[in-house]
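Coordinates in review
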Amino acid sequence: SECTRLVYSFPTNDKLWEEYLEIRHSEGKSAATEFYGRNQAAMDTGAAIAWPARYDAKSGEISAVQHAMNLRKKVGPEAFAAEYQNEPSLQQTSDQVLTADQVMEKTNGHKRGEIPPACTKLTMFIDIHKELLFYAVCAWEETFTGYVVDYGTFPDQRRLAFTLADATRTLGKMFPGAGTDGAIHAGLTQLVSACLNRDWSRGGSLMRIDKLLVDMGYKPGIVADVKQKVGGATMMLAKGVGIRASRKPIAEYARKPGETIGHFWYCPNVRKTGQFQHVLVDVNYWKRFVHEGFQTAAGDRGSISLFGNDGRHHELIAEHVARSEKWVEVIGPGGVVREWSPWPTRPDNHWLDCLVGCAAAASMVGIMPSGEASPVRQRKRYTQEDLRRKDA
C-alpha cells in the first residue's frame, strides 16, 4: 500500500482564490463556479492533484482543483491536512508559545537608537497602511543575534497604547489636502529620507542602514516611486509569502538567469513582467525565527532583545509579536513547517511583520544563521577558446 495526498501542490494565485471564496460565501456556489470558469487557467496555475477526476459534477464543480479548494475551506486547513493530505498538523503547546511577558523581559539596557559595538549590520522594515506607517530598525551581530534599536509609527502617536483603528495622528491629518495616495507618498518619503540619512551611534563610531525593505502589498507603485526618489540601492520593495508545507521550499527552487535565491527569501526576474523589482520573503520561516529569538537566552547565539531597561514601555510591541498570530506545525515534503495565521479577532501584528522584515533583510546583507555556510566565490576558469576570443 501507499499513502497519498489529495493535493501534491496547491494553486499559487492566492489572490484569485481568496476572491473566489468571498464570492462563494456572499453570492453562492453558482456565482463562484462562474468566476472560477472565467479564470480557471490562472487559478489552476501551480496545482497538482492526485486524481484529476475527483470532483462533484452534480453539485456544479468543474475540476478536481476546485473540489479540493472547496473541501479545504469546508473542513478547515487542519482537518484537511490530517484527513486528506496525510500530513497531520502539530498544535502549539504552552511551553513552545512565546508570551508577551517574555518579550517585555528581553531588554538589553542600551539606549534607544544606540547600536551595540559587536553589531556589524543595520536593517529596517516599513509596513504601509492607509493611516499609519509602522517601522522597526534592528542591529545584528554576525551570529544573527539581534537588537531592536528603534520602532514606532509615522506619524508618532505619542502614547504607549493604541491600535491602527483608533490612531488619532494619521497621515491624512499630517498632510491636509492630500488624498490617500498623496499622504502615503509624502509620509513614506519623509520617513525613508530621514532614516537613510541618519547617522546611528555605535560606541565611538557611526553606522547607516545597510538594507531597508518596504512592504509593497498595499501600494506598490508609491513604494517604487519613493525608492526612485530617495530610497536608492539601500531600499527594496518586499512582499511576504507564507510558503506552506505542501509547497516546494525556496531552497529547492531551480535557479534561473536574473533570479537570486537566498535563505528563505527570493528575488524573481521581473523583466518583461510589468512588475517592480522586489524580494519575496517566506514569513512562515521568519516569524518562527523572531519568536525563537525572543525565547533564546540573552548572550546565546540568535537572541533578539529590545532597547532600554523597563519592559513596561514595550507592552504594545509585545502584544503585536506574541499575541497576534497562532501556528500549527505541518509535515510536508520539505520537512516540518510552522504555518501561521491571525487569531479570529485579527489583532494588530504590524511590528511582528516589521521584525520579520528586518531579519530577512539581515540575511540579504550577509548575516548567516547558525549552520549556514557563506557562499564561496568561484574563480572563473578560462579555456583556450576564451583566450582566443579575448585576443580577437
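Residues numbered from 1 in each chain as written. Predicted model: local features only at pLDDT ≥ 70, side-chain atom pairs only at ≥ 80, totals over all residues. Heavy atoms only, no water.

Here 4 bridges tie strand β9 (residues 211-215) to strand β10 (residues 235-241), and the two strands are oriented parallel to one another. Paired with Leu213 across the bridge in β10 is Met236. For the crossover from β9 across helix α9 (residues 220-231) to β10, the handedness is right-handed. (Pairing = 2+ DSSP bridges. Helix = DSSP H or I, 4+ residues; strand = E, 2+ residues; numbered from the N terminus. Right-handed = clockwise from strand over helix to strand, strands pointing away.)

Buried residues dominate helix α11 (residues 315-322), accounting for 6 of its 8 residues. The set of residues buried in α11 consists of Leu316, Ile317, Ala318, His320, Val321 and Ala322. Buried residues along α11 sit in contact with α6 (100-105), β5 (133-140), β6 (146-154), α10 (283-295), β14 (304-306) and α12 (350-364). (Buried < 20%, exposed > 50% of the residue type's maximum accessible area, 1.4 Å probe, protein only. Contact = heavy atoms within 4.5 Å.)

The subject of this paragraph is the nonpolar core. If you look at the biggest cluster of nonpolar residues, it comprises 47 residues, and the most contacted ones within it are Trp140, Val279, Phe294, Val321 and Leu355. Examining the composition of this core, we find that 11 residues originate from one element, α12, more than from any other. Here Leu355 is in contact with Ala136, Cys138, Val148, Val290, Phe294, Ile317 and Val321, once residues within four sequence places are set aside. Ranked by size, the runner-up nonpolar core spans 34 residues in total, among them Phe154, Ala183, Ile184 and Met216. (Core = buried A, V, L, I, M, F, W, Y, C linked by side-chain atoms within 4.5 Å.)

Strands pair in a sheet through their backbones, by hydrogen bonds, and they do so in one of two ways: parallel or antiparallel. Across the sheet, which stays open at both edges, the 9 strands sit in the order β11-β12-β13-β10-β9-β4-β5-β6-β14 with mixed pairing between neighbours. Each edge of the open sheet is held by one strand with a lone partner, namely β11 (260-261) and β14. Of the pairings in the sheet, the one linking strand β4 (residues 121-128) to β9 comprises 4 bridges and is parallel in character. Across the sheet, residue Phe125 finds its bridge partner in β9, namely Leu213. Relative to β4, helix α8 (residues 180-196) is tilted by about 170°, and along the sheet it contacts β4, β5, β6, β9 and β10. Contacts from α9 reach β4, β9 and β10, with the element oriented near 155° to β10. (Axes fitted to C-alpha atoms, helices over the stretch in contact; angles between N-to-C directions.)

Another point: the packing of aromatic side chains. Throughout the structure, instances matching the rule amount to 18 aromatic pairs. Arranged with centres 5.2 Å apart and planes meeting at 85°, the rings of Trp140 and Phe144 form a pair that is edge-to-face. Overall, Trp140 belongs to the buried group, its relative accessible area being 1%. Among the residues examined, Phe144 registers a relative accessible area of 1% and is labelled buried. A network of ring pairs unites the aromatic residues Trp140, Phe144, Phe264, Tyr285, Trp286 and Phe289 as a single cluster. Here the guanidinium or amino end of Lys326 rests over the ring plane of Trp343, the centre of that ring lying 5.9 Å away. (Phe/Tyr/Trp six-rings, centres within 6.5 Å; stacked < 30°, edge-to-face > 60°. Lys NZ or Arg CZ within 6 Å of the ring centre and 35° of its normal.)

This paragraph deals with helix α4 (residues 64-75). Owing to its 3.6 residues per turn, the α-helix aligns residues three or four sequence positions apart on the same side. Helix length check: α4, at 12 residues, gives a terminal C-alpha distance of 16 Å against a target of 16 Å (1.5 Å per residue), a fit within 8%. Residues of α4 that are buried: Ala64, Val65, Gln66, His67, Ala68, Met69, Asn70, Leu71 and Arg72. As for α4, its buried residues are in contact with β1 (7-9), α1 (14-27), α2 (29-38), α3 (40-44), β2 (48-49) and α5 (77-83). The opening residue of α4 is Ser63, an N-cap whose side-chain oxygen sits 3.3 Å from the backbone nitrogen of Val65. One or two positions beyond α4, positive phi appears at Gly76, with a value near 95°. (Expected span 1.5 Å × (residues − 1). Polar contact = N/O pair within 3.5 Å; in protein donor to acceptor, adjacent residues only side chain to side chain.)

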